[in-house]
Amino acid sequence: SNIAPKTAIVTGATSGFGDAIARRLVAEGWRIVATGRRRDRLDALVEALGGPDVVHPLCFDIRDEEATSTALATLPDAFADISVLVNNAGLALGTGAAQDSDLEQWRTMIDTNVTGLVTITRLLLDRLIAQRGLIVNLASIASNWPYPGGNVYGGTKAFVKQFSLGLRCDLSAQGVRVTSIEPGLSESEFTLVRTGGDKAAYDALYGGANPLQPEDIAETVRWVVSLPSHVNINSVEIMPVSQSWAPFKIHRD
Ligand code: NDP
Ligand code: 8X3
């Protein structure tokens, strides 16, 4: 088409959802700024998706405010007018009860999923307002439903959802849209990261479950992004058909 491509930034594009979202948005004609810490993966993504005119890699740790703002300041003109921010970078660490958990792992989740997400959002807000843009935040079913061992991870994702809804209030007069996406069981590197590389735990969790795939989330993002500019999807909770609810548990003495 003769319409100039618009630019989206996808954090955590080196794996899982972010990789699939970047691929899907490029297929829809978007220019992508792809972020993550693993430079080799970013370089491979640039190569796979048509080169540096289509994908611009930014390699930085989202927990590091200085690194984040420095990286954003280096964006070339063609990628500078960002109209979609996909806040996807994030992680869970540990599956144990709070009383057995490691405080350092808790801090890493908060620094990444909460502080990192808030930081890049604030740094990009003026550009997003200038573009009457859209913010898509990766929350989780863990935003909405507690589960044993979810403790701080669930807390960070509840923050992401409520921050999304709060941003809606502040940005509606600016025409900026905000969406919270809340996926359930999904196959990616998430569980390997969470368990410190436990392939048996990965197989046990996903085996026979027909989980969501990163492409399912990418399709949801494509849909949200493609809607007319007067339509805001506030939140979307998505599970595989195999996943549903169990009764409340009751501890008895
Ligand atoms: P993956 O582990 O496959 O991908 C996580 C991505 O986040 C990677 O690209 C990683 O890049 C990036 N990331 C993590 N920490 C940092 C950091 N400090 N700085 C920069 N980038 C970072 O997991 P998913 O694709 O599954 O997860 C994506 C998002 O979706 C997360 O926010 C997760 O909480 C959420 N989610 C996942 C679900 C699931 O079941 N899989 C369900 C619901 C939500 P790199 O390591 O290169 O830095
Ligand atoms: C990832 C889904 O249920 O493992 O956010 O928390 S869950």
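Residues numbered from 1 in each chain as written. Chains lettered and ligands numbered in written order. Predicted model: local features only at pLDDT ≥ 70, side-chain atom pairs only at ≥ 80, totals over all residues. Heavy atoms only, no water.

We now examine the packing of aromatic side chains. Enumeration over the complete set of coordinates arrives at 4 aromatic pairs. Note on Phe 159 and Phe 163: the rings are 5.6 Å apart at their centroids and 20 degrees apart in plane angle, and the pair reads as stacked. In this pair, Phe 159 and Phe 163 are both assigned in helix H6 (residues 151–171), 4 residues apart and thus about one turn of the helix distant. Seen from the ring of Phe 79, Arg 31 lies directly overhead, with NZ or CZ sitting 5.9 Å from the centre. Across from the ring centre of Tyr 153, 5.3 Å away, lies the NZ or CZ of Arg 194, which sits over that ring. (Phe/Tyr/Trp six-rings, centres within 6.5 Å; stacked < 30°, edge-to-face > 60°. Helix = DSSP H or I, 4+ residues; strand = E, 2+ residues; numbered from the N terminus. Lys NZ or Arg CZ within 6 Å of the ring centre and 35° of its normal.)

Here we take up the site of ligand 1. Residues in contact with ligand 1 amount to 28 residues; listed here are only the nearest, Thr 14, Ser 15, Arg 37, Tyr 153 and Ser 188. Asp 61 places a side-chain nitrogen or oxygen 2.9 Å from a nitrogen atom of ligand 1. One of the backbone N or O atoms of Glu 189 is found 3.1 Å from an oxygen atom in ligand 1. Notes on ligand 1: free accessible area 890 Å², of which the protein chains cover 96%. Residue assignment for the shell around ligand 1 shows that the elements contributing at least two residues are helix H1 (16–27), H6 and helix H7 (190–194). Split by residue class, the shell around ligand 1 holds 10 nonpolar, 12 polar and 6 charged. (Near = heavy atom within 4 Å. Polar contact = N/O pair within 3.5 Å; in protein donor to acceptor, adjacent residues only side chain to side chain. Areas by Shrake-Rupley, 256 points an atom, 1.4 Å probe, with all protein chains shown as cover. Nonpolar A, V, L, I, M, F, W, Y, C, P; charged D, E, K, R; others polar.)

Attention now goes to the pattern of salt bridges. Counted under the stated rule, the structure contains 10 salt bridges. Here Arg 23 and Asp 19 are joined by a salt bridge, their closest N and O atoms 2.9 Å apart. One end of the pair is Arg 23 and the other is Asp 19, both in helix H1 and 4 residues apart, which spans about a single turn. Between Glu 189 and Arg 38 there is a salt bridge, and its shortest N-O distance comes to 3.2 Å. Of this pair, Glu 189 sits in the loop between strand E6 (177–183) and H7 while Arg 38 sits in the loop between strand E2 (31–36) and helix H2 (39–48), and the two are 151 residues apart along the sequence. A cluster of three or more residues bridged by salt bridges with shared partners is formed by Arg 24, Glu 28, Glu 219 and Arg 222. (Salt bridge = Lys/Arg side-chain N within 4 Å of Asp/Glu carboxyl O.)

This part takes up the pairing of strand E1 (residues 7–10). Each regular strand shows side chains that alternate between the opposite faces of the sheet. In E1, alternate side chains face the same way, and those of Thr 7 and Ile 9 on one face and Ala 8 and Val 10 on the other are all buried. Two elements, E1 and E2, share 4 bridges in a ladder whose sense is parallel. Within the sheet, the bridge partner assigned to Val 10 lies in E2 and is Ala 34. Note on the crossover from E1 through H1 to E2: the handedness is right-handed. Here 4 bridges tie E1 to strand E4 (residues 82–87), and the two strands are oriented parallel to one another. (Buried < 20%, exposed > 50% of the residue type's maximum accessible area, 1.4 Å probe, protein only. Pairing = 2+ DSSP bridges. Right-handed = clockwise from strand over helix to strand, strands pointing away.)

A separate point is H2. Because an α-helix completes one turn every 3.6 residues, residues spaced three or four positions apart along the sequence face the same direction. Among the residues of H2, those classed as buried are Leu 42, Leu 45 and Val 46. The buried residues of H2 occupy an angular sector of 100 degrees when the element is viewed end-on, so they sit on one face. Away from its buried face by more than 90 degrees, H2 exposes Asp 40 and Glu 47. Taken from the residues just after H2, Gly 50 is the one with a positive phi, measuring 110 degrees. (Arc of directions from axis to C-beta.)

Note that all results are geometric; they support no functional claim without further evidence.
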